[in-house]
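Next come the chains, spelled out residue by residue.
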Amino acid sequence: MTNLGKNMALEIAQQPEVFSKILASHNEIKVIANELGKHNFHTVLFAARGTSDHAALYGKYLVETQLGLASGLVSPSSFTVFGARPNYKGVLLIAVSQSGGSPDLIESARISGQCGASVLAITNNPNSALANVAQFHLDVHAGAEIAVAATKSFSAQMLVLKLLIDALSKTTDGQINDLPKVAQKISDR
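Caption draft 1: Looking closely at the sheet that holds strand β1 (residues 43-48). Ordered in space as β2-β1-β3-β4-β5, the five strands form an open sheet in which the pairing is parallel. Two strands bound the open sheet, and with one partner strand each, they are β2 (70-73) and β5 (136-139). The average undirected angle you get between the axes of adjacent strands in this sheet is 20°. The pairing of β1 with β2 spans four bridges and is classified as parallel. Bridge pairing in β2 links Leu45 to Gly72. In the packing of helix α3 (residues 26-37) onto the sheet, contacts are made with β3 (91-97), β4 (118-123) and β5, and the angle to β5 comes to roughly 155°. On the sheet, helix α6 (residues 103-114) packs against β1, β3 and β4 and is oriented at approximately 165° with respect to β3.

Caption draft 2: The arrangement of α6 in detail. Its 12 residues give α6 an end-to-end C-alpha distance of 17 Å, which sits within 8% of 16 Å, the value for a rise of 1.5 Å per residue. Those residues of α6 not exposed but buried are Asp104, Leu105, Ile106, Ser108, Ala109, Ile111 and Ser112. Where α6 is buried, its residues meet β1, α5 (76-80), β3, β4 and α7 (129-133).

Caption draft 3: Structural view of the packing of aromatic side chains. Using the criterion set out here, one finds one aromatic pair in the structure. Centroid distance Phe79 to Tyr88: 6.1 Å. Interplanar angle 80°. Geometry classified as edge-to-face. Both residues of the pair, Phe79 and Tyr88, belong to the buried class. Here the basic side chain of Lys60 rests over the ring of Tyr61, its NZ or CZ set 5.8 Å away from the ring centre.

Caption draft 4: Highlighting the side chain of Ser52. Residue placement: Ser52 occurs in helix α4 (residues 50-67). Looking at Ser52, the relative accessible area reads 6%, which means it is buried. Within the structure, Ser52 has its side chain in polar contact with the backbone nitrogen of Gln98 (distance 3.5 Å).

Caption draft 5: Inspection of the pairing of β4 at higher detail. Where burial is concerned, most of β4 is hidden: six out of the six residues are buried. Alternating residues of β4 divide into Ser118, Leu120 and Ile122 and Val119, Ala121 and Thr123, and every residue in both groups is buried. Here β3 runs beside β4; their pairing, made up of six bridges, is parallel. The partner of Ile94 across the bridge, within β4, is Leu120. Crossover connection from β3 via α6 to parallel β4: handedness right-handed. Here β4 runs beside β5; their pairing, made up of four bridges, is parallel. Residue Leu120 lies in a different strand from β5, and its bridge partner there is Phe136.

Conventions adopted
- Residues numbered from 1 in each chain as written.
- Predicted model: local features only at pLDDT ≥ 70, side-chain atom pairs only at ≥ 80, totals over all residues.
- Heavy atoms only, no water.
- Pairing = 2+ DSSP bridges.
- Helix = DSSP H or I, 4+ residues; strand = E, 2+ residues; numbered from the N terminus.
- Axes fitted to C-alpha atoms, helices over the stretch in contact; angles between N-to-C directions.
- Contact = heavy atoms within 4.5 Å.
- Expected span 1.5 Å × (residues − 1).
- Buried < 20%, exposed > 50% of the residue type's maximum accessible area, 1.4 Å probe, protein only.
- Phe/Tyr/Trp six-rings, centres within 6.5 Å; stacked < 30°, edge-to-face > 60°.
- Lys NZ or Arg CZ within 6 Å of the ring centre and 35° of its normal.
- Polar contact = N/O pair within 3.5 Å; in protein donor to acceptor, adjacent residues only side chain to side chain.
- Right-handed = clockwise from strand over helix to strand, strands pointing away.

This is how it looks when you write it as structure tokens:
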């Protein structure tokens, strides 16, 4: 097995621990969801790149099916290359990024806030530029990730999105607390 394969296997094996950390921070997610609920948004847009874009697509489905709101993925180049400045009053922009350092996502979040959006960053780095430009931040608690493609940060982003949308919709998935045990069983195979 190559170093890349070993790194990926090690990071996949860390997923149960990451899930446990996220579930332990569930109250923080609920507090932010409660604060976001005060903003009365009618649309949720996602900004992401690479693997995080796939987690954002999952979030889009959750928003549409659980919140019944319009949802979509933004094109960062609309802001950064073409200078778009859409009216984002009543919009929640969720920027999803493993590193929180992608310049086009940082700029998209900054401009979206200027255009009236409430901005939430979901990153693996609470001190990142993206976390700092957003009004709200949720940490995925995945720790350093070396392997390419992202493993534990990707699954962590999806769990954070699930918990956030559950909190916004005031629903509870009774089986979600079993996720670390289920992931450990799969990892042990």
